[in-house]
Amino acid sequence: MRLGSLEVHVLHESSFRLDGGQAFGVVPRAFWEPLAPPDERHRVRLGVHPLLVRSGPTWALVDTGIGERTDARFRDIYAIEDDAPVRGLIRAFGVEPGDIGLVVLSHLHFDHAGGATRRDGAGPLPAFPNARVVMDRGEWHDAHHPVEFTRGGYRGEDLECLEAAAEWVGPDEDAEPLPGVHFVRAPGHTAHHRGILLRSGGRAVFYPVDLLPLTPHVRLPWIAALDHHPLTVLETKRRFLARACAEGWWVCFAHHPGTATFGRIVARDGAWALQGPLKEEID
């Protein structure tokens, strides 16, 4: 898709499964099951959709997926399927790993930052060796100092090799690491979770990442049990959904099963709803 001067490609890196209770929190199964049918182990399917963006001469990745540093037990727990490392997927667009000039990591959970490194006999190495890596400094700290509730999502030891290329953003500031690519605070899933707003030529796509992982999460009280700060998620959702509706943003859902989906946020019967999918309107 094109947004003014931005060229945007939505990748399908993999799919995985997550316990339905983890995905939908306090929402009763009777409500979420028709929308996200679980398997025999009560897990619902999620996609993993990083973004490949070109702004001017620079190619950038927004998140990098699960990557290749997983073992058999991990793959069984999460039922990882269809996985293809992002550094291979980008070649379909004539882009080599060394061509990536910027990697933007919304947060450092394994399904968003895992593909930023690659396997090597001596340990993990950067998958995109020439890229600046934009990260929230507070998120980096939390990934390396997890507590009992948060440690399951982080594999901080795999990320150490990225520190030399890090371009830190303070926890209290937004940033625009490339023209049209906005790294915006969207806390709650983690304390320093970020969303990415792509804006150019009077058009905008919001990539809310785990603030709105699946389309049913547009409903305000549908908050994942995995979210570190659920009441913060509620207020962050309220703020961004209102803005998306008022400003006519498209929203791209990072974990929609299968291929990614887009929609617009509309007010309906005193709540927020999704109007779409609208992919054909963006092409």
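As the structure is a computational prediction, the values presented were derived from the model and not from experiment. (Residues numbered from 1 in each chain as written. Predicted model: local features only at pLDDT ≥ 70, side-chain atom pairs only at ≥ 80, totals over all residues. Heavy atoms only, no water.)

Considerations on the side chain of Ser-106
Item 1. Relative to the helices and strands, Ser-106 is located in the loop between β7 (100-104) and α5 (110-113).
Item 2. Among the polar contacts made by the side chain of Ser-106, one reaches the side chain of His-107 at a distance of 2.9 Å.
Item 3. Aside from chain neighbours lying at most four places away, what touches Ser-106 is Asp-63, His-112, Phe-183, His-192, His-193, Arg-194, Ile-196 and Val-209. (Helix = DSSP H or I, 4+ residues; strand = E, 2+ residues; numbered from the N terminus. Polar contact = N/O pair within 3.5 Å; in protein donor to acceptor, adjacent residues only side chain to side chain. Contact = heavy atoms within 4.5 Å.)

Considering the pattern of salt bridges
Item 1. Counted according to the given criterion, the structure contains 19 salt bridges.
Item 2. The closest approach of N and O atoms between Glu-7 and Arg-2, which form a salt bridge, is 3.6 Å.
Item 3. On the accessibility criterion, Glu-7 (12% relative accessible area) is buried.
Item 4. Close ionic contact of Asp-136 with Arg-194 constitutes a salt bridge, the shortest N to O distance being 2.7 Å. Of this pair, Asp-136 sits in strand β10 (residues 132-136) while Arg-194 sits in strand β14 (residues 194-200); the two residues are 58 residues apart in sequence, bridging distant segments of the chain. Take Asp-136 and Arg-194: they sit in the same class, and that class is buried.
Item 5. When salt bridges with common partners are traced through the structure, they connect Asp-136, Asp-174, Arg-185 and Arg-194 into a single cluster. (Salt bridge = Lys/Arg side-chain N within 4 Å of Asp/Glu carboxyl O. Buried < 20%, exposed > 50% of the residue type's maximum accessible area, 1.4 Å probe, protein only.)

What about the sheet that holds strand β16 (residues 250-252)?
Item 1. Ordered by their spatial adjacency, 7 strands build an open sheet running β12-β13-β14-β15-β16-β17-β18, and the pairing between neighbours is mixed. Each edge of the open sheet carries a strand with a single partner, namely β12 (175-178) and β18 (271-275). Direction aside, the axes of adjacent strands within the sheet are offset by 35° on average.
Item 2. In terms of strand pairing, strand β15 (residues 203-207) meets β16 through 2 bridges, oriented parallel. Bridging from a neighbouring strand, Val-205 pairs with Trp-250 of β16.
Item 3. Packed on one face of the sheet, helix α7 (residues 230-247) meets β13 (181-185), β14, β15, β17 (262-268) and β18 and runs near 100° to β17. (Pairing = 2+ DSSP bridges. Axes fitted to C-alpha atoms, helices over the stretch in contact; angles between N-to-C directions.)

Overview of the confidence of the model for the protein
Item 1. Chain-level statistics for the protein give a pLDDT mean of 94 and a share of 98% at 70 or above.
Item 2. Considering only residues more than four positions removed or in separate chains, one finds that residues 278-283, a stretch of pLDDT under 50, has 13 contacts. (pLDDT = per-residue confidence, 0-100.)

Details of the sheet that holds strand β2 (residues 6-10)
Item 1. The strand order β1-β2-β5-β6-β7-β10-β11 describes an open sheet built from 7 strands, whose pairing is mixed. Across the chains shown, the open sheet's two edge strands, defined by having one partner strand only, are β1 (2-3) and β11 (166-169).
Item 2. Pairing of strand β5 (residues 51-55) with strand β6 (residues 58-62), which is carried by 5 bridges, proceeds in the antiparallel orientation. Among the inter-strand pairings, Ser-55 is bridged to a residue of β6, identified as Thr-58.

Brief notes about the packing of aromatic side chains
Item 1. Inspection of the entire model under this criterion finds 10 aromatic pairs.
Item 2. When the ring of Phe-16 is compared with that of Phe-110, the centres are 6.4 Å apart and the planes differ by 65°; the resulting orientation is edge-to-face. Here Phe-110 lies in helix α5 and Phe-16 lies in strand β3 (residues 14-19), a separation of 94 residues in the sequence.
Item 3. A ring pair is formed by Phe-24 and Trp-32, whose centres lie 5.4 Å apart and whose planes are at 20°; its orientation type is stacked.
Item 4. Take Trp-32: its relative accessible area is 4%, and that puts it in the buried class.
Item 5. An aromatic cluster is present here, built from Phe-16, Phe-74, Tyr-78 and Phe-110 joined pairwise through their rings. (Phe/Tyr/Trp six-rings, centres within 6.5 Å; stacked < 30°, edge-to-face > 60°.)

Side note on the environment of Ile-77
Item 1. With respect to the element layout, Ile-77 can be found in helix α3 (residues 72-78).
Item 2. Ile-77 gets classed as partly exposed once you look at its relative accessible area, which sits at 35%.
Item 3. In sequence terms Ile-77 and Arg-17 are 60 residues apart; their C-alpha atoms lie 8.1 Å from each other.
Item 4. Those residues within four positions of Ile-77 in sequence are excluded, and the remaining contacts are Arg-17, Arg-41 and Arg-43.

Here we look at the environment of Leu-214
Item 1. Mapped onto the elements, Leu-214 comes out in the loop between β15 and α7.
Item 2. Judged by relative accessible area, Leu-214 falls into the buried class, the value being 5%.
Item 3. Along the chain, Leu-214 and Ala-23 lie 191 residues apart, while their C-alpha atoms are 9.0 Å from each other.
Item 4. Ignoring any residue separated from it by four or fewer positions in sequence, one finds Leu-214 in contact with Phe-24, Leu-46, Phe-253, His-255, His-256 and Pro-257.

A closer look at α7
Item 1. The end-to-end C-alpha distance of α7, which contains 18 residues, comes to 25 Å, matching closely the 26 Å that a straight helix rising 1.5 Å per residue would cover.
Item 2. Where α7 is concerned, the buried positions are Val-233, Leu-234, Thr-236, Lys-237, Phe-240, Leu-241 and Ala-244.
Item 3. Elements in contact with the buried residues of α7: β13, β15, β17 and β18.
Item 4. Once α7 ends, the next one or two residues include Gly-248, with phi positive near 70°. (Expected span 1.5 Å × (residues − 1).)

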